[in-house]
Amino acid sequence: MSQRQEQRRKQAIDTYLAADNVEDICRQLACAKSWLSKWRDRYDAQHPAWTQARSTRPKSHPTQTLESVERAVVSLHLTLLHNGTGGGVTAITHALAQQGIEPVPSRRTLYRILRRPHKGVK
């Protein structure tokens, strides 16, 4: 994040702490009230890094398909193709259920996995 943006945030909070009117601060800095509120809420005099932007990236991906399931899908697909029984999504779904993999990924997820290039597989 640029130092200019961090300085602008500090300036906004310094002005706010000086008990200036919120509307005047926003007009002077050409910012929205929501922007000022966000940085007011994040202000922490004890930690000088409060002005730095935070990542909006999720900390977890609860609906992401497990890597082990993806490997099983690709392996099943190759095995079914090698056996000459197809290797379609329906056959993979049945095979995953027989192996006890729960929950079985949706057809859409299976198609997505099979379209993706995989290590060691061409």
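This text goes with the structure placed above it.
Worth saying up front: this structure is predicted, and the values here are computed from it rather than measured.

J.: Would you explain the nonpolar core in this entry?
T.: In summary, soluble globular proteins display a tendency toward joint burial of nonpolar side chains. One finds Val-73, Leu-76, Ile-92, Leu-96, Ile-101 and Leu-110 to be the most contacted residues of the largest nonpolar core, which totals 13 residues. Those elements that provide at least two residues to this core are α4 (67-83), α5 (89-98) and α6 (107-115). Counting residues per element, this core draws most heavily on α4, at six residues. Discounting chain neighbours no more than four positions away, the residues touching Leu-110 are Val-73, Val-89, Ile-92, Thr-93, Leu-96 and Pro-105.

J.: What should I look at first to understand the packing of helix α1 (residues 3-17) against helix α3 (residues 33-42) in this one?
T.: Working note: a packed helix pair is described by the angle between its axes plus the distance between those axes. Orientation of α1 relative to α3, taken along the N-to-C sense of each, is 85°, at an axis distance of 10 Å. Taken together, the axes of α1 and α3 are roughly perpendicular relative to one another. Between α1 and α3, the residues in contact are Arg-8, Arg-9, Ala-12, Ile-13 and Tyr-16 and Trp-35, Leu-36, Trp-39 and Arg-40, respectively.

J.: Help me out: how do you make sense of the environment of Arg-108 in this one?
T.: Summarising the element assignment, Arg-108 is placed in helix α6. According to the relative accessible area criterion, Arg-108 is exposed, its value standing at 74%. For the pair formed by Arg-108 and Tyr-43, sequence separation is 65 residues and the distance between their alpha carbons is 44 Å.

J.: Looking at this model, I keep getting lost on the packing of aromatic side chains. Mind explaining?
T.: Taken as a whole and judged by the stated rule, the model has one aromatic pair. Geometrically, the ring pair formed by Tyr-43 and Trp-50 is edge-to-face, given 5.1 Å between the ring centres and 85° between the ring planes. Among the residues examined, Tyr-43 registers a relative accessible area of 32% and is labelled partly exposed. Of the residues examined, Trp-50 reaches a relative accessible area of 10% and is grouped as buried. Stacked on the ring of Trp-35, the Lys or Arg Arg-8 has its end atom at 4.6 Å from the ring centre. Over the ring of Trp-39 we find Arg-42; its NZ or CZ atom is 4.8 Å from the centre of that ring.

J.: How should the side chain of Thr-109 be read in this particular structure?
T.: Mapped onto the secondary structure, Thr-109 falls in helix α6. Side-chain polar atoms of Thr-109 contact the side chain of Ser-106, separated by 3.0 Å.

J.: Help me understand unusual backbone geometry, please; the structure alone is not making it clear to me.
T.: What is expected of a backbone is that most residues other than glycine have negative phi and most peptide bonds are trans. At the junction of Glu-102 and Pro-103, the peptide bond is cis and its omega measures out at -10° in the coordinates. Here Ala-19, not a glycine, exhibits a phi torsion of approximately 70°, which is positive. In this structure, Ala-30 is a non-glycine residue whose phi angle is positive, near 55°.

J.: Help me understand α6 in this model?
T.: Side chains of residues three or four places apart in an α-helix project in the same direction, reflecting 3.6 residues per turn. Within the span of α6, buried status applies to Thr-109, Leu-110 and Ile-113. Angularly, the buried residues of α6 cover 100° about the axis, an arc narrow enough to put them on a single face. Seen from the open side of α6, the exposed residues pointing more than 90 degrees away from its buried face are Arg-108 and Arg-115. Where the residues of α6 are buried, they touch α4 and α5.

Rules used in this analysis
- Residues numbered from 1 in each chain as written.
- Predicted model: local features only at pLDDT ≥ 70, side-chain atom pairs only at ≥ 80, totals over all residues.
- Heavy atoms only, no water.
- Core = buried A, V, L, I, M, F, W, Y, C linked by side-chain atoms within 4.5 Å.
- Buried < 20%, exposed > 50% of the residue type's maximum accessible area, 1.4 Å probe, protein only.
- Helix = DSSP H or I, 4+ residues; strand = E, 2+ residues; numbered from the N terminus.
- Contact = heavy atoms within 4.5 Å.
- Axes fitted to C-alpha atoms, helices over the stretch in contact; angles between N-to-C directions.
- Parallel < 35°, antiparallel > 145°, perpendicular 65-115°, else oblique.
- Phe/Tyr/Trp six-rings, centres within 6.5 Å; stacked < 30°, edge-to-face > 60°.
- Lys NZ or Arg CZ within 6 Å of the ring centre and 35° of its normal.
- Polar contact = N/O pair within 3.5 Å; in protein donor to acceptor, adjacent residues only side chain to side chain.
- Arc of directions from axis to C-beta.

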